[in-house]
Amino acid sequence: MNASLSTKTPAGGSKPWARYGIAAAVAVVVLALLVLGSRWLVTLEPVQGFLRDYPGHTTLPAGTAEGLPAWLGWQHFLNMFFLFLIIKTGWQVRTQQRPPANWTRNNKGLIKTKNPPKRISINLWFHLTLDALWVLNGLVFMVLIFATGHWVRIVPTSWDVFPNALSAGLQYLSLNWPMENGWVNYNSLQLLAYFLTVFVAAPLAIATGLRMSEVWPKKAAINKVYPIELARAVHLPTMVYFVLFVIAHVALVLATGARANLNHMFAARSDDGWLGFWIFVVAVLVSVAAVFFSKPVVIAPIANLTGRVSR
């Protein structure tokens, strides 16, 4: 079902932007109350004892190498690049009322089917293509983290990760932020967030996206227990999670020592120089430019390589 982007007031309702404004105001008030409550909690002796016992990070297994590999910088860039475009095209697919163009797969290429291919909007074609590239990039990431042992940085290896994550969260909310060195070890809240993103949210996005796509078999037996309505109900919240994760991730990177963090992420070095910052700026500009120029007139010639674009 397509949603309207119109800001006209529905009969008996309020404008969408007004509802969003109210929701944002409520969120700010709730956040302020949480901060005030946390600042009070950390003055209590039992809570201070908890923070001493669980400083906010777990000890990595013996022999874990320090530092972030250079390939992780490329992964950061490609993930950002694809996610910008996936979020844009996903929203276009969800809200479009009349697609600017359509695409029909070439049935004489590598993929041949008995029935003629179905025509889809060019926005959906671009979204699915980006999804495929994002999944390929994710598979490369999975191979590399397990081949290099980097997986221990984002996969819990002991149960004390949970009280340490609670400790880190309390420190963030009380504005006395954890002082861990990301070059050596993430705090436990970061670790759980990365684990959730890589091993839960990403597979959910893939599984639900496939279920809603035209490549999913219409008469598969699993459809009875995995209906398309369920996939739709999960897919959008998963996209929202990625948006919120990116916002929080970037905000904390910039607020907790921007130059050092950006050097870790993009330049594979542990100092507070400017190299990582400028690489990050270029990566953001490239991603924003891709979002701006990803219009039918630009992507149609690419789509024509694998099918036929028509009105």
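Every chain begins its residue count from 1, and numbering advances along the sequence as written. Selection of residues for local features in this predicted model requires a pLDDT of at least 70, selection of side-chain atom pairs for listing and counting requires 80 or more, and totals for whole chains, interfaces and linings are taken over all residues. Water and hydrogen atoms were dropped before computing side-chain values, which therefore reflect all heavy atoms in the structure.

J.: Please set out the overall build of the protein residue by residue, giving values where relevant.
T.: Strands here mean DSSP runs of E at least two residues long; helices mean DSSP runs of H or I at least four residues long; both are numbered from the N terminus. Helices and strands together make up the secondary structure of the protein, namely ten helices and three strands. Every one of the 311 residues in the protein was classed for burial, and the buried ones make up 35%. The contact criterion used is simple: two residues touch if any of their non-hydrogen atoms lie within 4.5 Å. In the protein, the share of contacts with a sequence separation of at least 24, taken over all contacts with a separation of at least 6, comes to 70%. Only the protein chains shown count as cover for residues, with accessible areas throughout obtained via the Shrake-Rupley method and a probe of 1.4 Å. Within the structure as shown, the protein displays about 18900 Å² of accessible surface, and the carbon and sulfur contribution to it stands at 71%. Positive charges are assigned to Lys and Arg, negative charges to Asp and Glu, while His and the chain termini are left out of the count. Every charge is mapped onto a representative atom, which is NZ of Lys, CZ of Arg, CG of Asp or CD of Glu. In the protein, 25 positive and 10 negative side-chain charges are present, and the distance between their average locations comes to 27 Å. Using a 1.4 Å probe on the protein chains alone, a residue whose accessible area is under 20% of its type maximum counts as buried, one over 50% counts as exposed, and one in between counts as partly exposed.

J.: Lay out the confidence of the model for the protein with the relevant residues and their values.
T.: In low-pLDDT regions, the fine details of the predicted coordinates are not to be read closely. The pLDDT value tells you how sure the predictor is about a given residue, anywhere from 0 up to 100. Within the protein, residue pLDDT values average 86, and 93% of them lie at 70 or more. Confidence drops under a pLDDT of 50 for residues 1-13, and excluding neighbours within four residues, the segment shows 18 contacts in the predicted structure.

J.: Let's hear about the packing of helix H7 (residues 228-255) against helix H8 (residues 258-267): which residues, and what values?
T.: The axes are straight lines fitted to the C-alpha atoms, using for helices just the contacting stretch, and the angles between their N-to-C directions are given from 0 to 180°. Where H7 meets H8, the axes come as close as 6 Å, and the angle between the chain directions of the two elements is 120°. Accordingly, the angle class assigned to the pair H7 and H8 is oblique. In contact with His-249, Leu-252, Val-253 and Leu-254 of H7, H8 contributes Ala-258, Asn-261, Leu-262 and Met-265. Grouping the constituent residues of the contact of H7 with H8 by class yields six nonpolar, two polar and no charged. When describing relative orientation, an angle under 35 degrees is termed roughly parallel and one over 145 degrees roughly antiparallel, while 65 to 115 degrees is termed roughly perpendicular and anything else oblique. The nonpolar class holds Ala, Val, Leu, Ile, Met, Phe, Trp, Tyr, Cys and Pro. Asp, Glu, Lys and Arg form the charged class, and all remaining residues, Gly among them, are polar.

J.: An account of the environment of Ala-147 is needed here, citing residue identities and associated values.
T.: Within the fold, Ala-147 resides in helix H4 (residues 122-148). We classify Ala-147 as exposed; its relative accessible area is 62%. Along the sequence, Ala-147 and Trp-103 sit 44 residues apart, while their C-alpha atoms lie 39 Å from each other.

J.: Outline the pattern of salt bridges, supporting the account with residue identities and numerical values.
T.: Every case where a carboxyl oxygen of Asp or Glu lies within 4 Å of a side-chain nitrogen of Lys or Arg is listed as a salt bridge. Under the defined criterion, the tally for this structure stands at two salt bridges. Glu-45 is paired through a salt bridge with Arg-52; the nearest N and O atoms lie 3.0 Å apart. A salt bridge links Arg-269 to Asp-271; its shortest N-O distance comes to 2.8 Å.

J.: Can you tell me about the packing of aromatic side chains, naming the residues and giving the values?
T.: How two aromatic rings sit relative to each other is given by the distance of their centres and the angle of their planes. We call Phe, Tyr and Trp rings a pair once their centres come within 6.5 Å, taking the six-membered ring for Trp, and we label the pair stacked below 30 degrees between planes, edge-to-face above 60, and tilted otherwise. With the rule as written, the count across this model stands at 21 aromatic pairs. In this arrangement the basic side chain of Arg-153 is found over the ring face of Tyr-186, its NZ or CZ atom lying 4.6 Å from the centre. It is Lys-295 that lies over the ring of Phe-292; its NZ or CZ is 4.4 Å from the centre. Geometrically, a charge over a ring is one whose NZ (Lys) or CZ (Arg) sits within 6 Å of the ring centre while staying within 35 degrees of the ring normal.

J.: Describe the packing of helix H3 (residues 70-95) against helix H9 (residues 275-293), with residues and values.
T.: Direction vectors running N to C along H3 and H9 enclose 25°, while the axes themselves pass 9 Å from each other. It follows from the interaxial angle that H3 and H9 lie roughly parallel. Considering the relative orientation of H3 and H9, their crossing is right-handed. Where H3 abuts H9, its residues Phe-77, Met-80, Phe-81, Phe-84, Leu-85 and Lys-88 lie against Ala-283, Val-284, Val-286, Ser-287, Val-288, Ala-290 and Val-291. Of the residues assigned to the contact of H3 with H9, the class counts are eleven nonpolar, one polar and one charged. Two helices cross in a left-handed way if the nearer one is turned anticlockwise from the farther one by less than a right angle. They cross in a right-handed way if the turn is clockwise.

J.: So what's going on with helix H5 (residues 161-173)? Which residues, and what values?
T.: An ideal rise of 1.5 Å per residue puts 18 Å on 13 residues; H5 measures up with 18 Å between its terminal C-alpha atoms. Where H5 is concerned, the buried positions are Val-161, Asn-164, Ala-165, Ser-167, Ala-168, Gly-169, Leu-170, Gln-171 and Tyr-172. Following H5 by one or two positions, Leu-175 adopts a phi angle in the positive range, close to 65°. A helix is expected to span 1.5 Å for every residue after the first.

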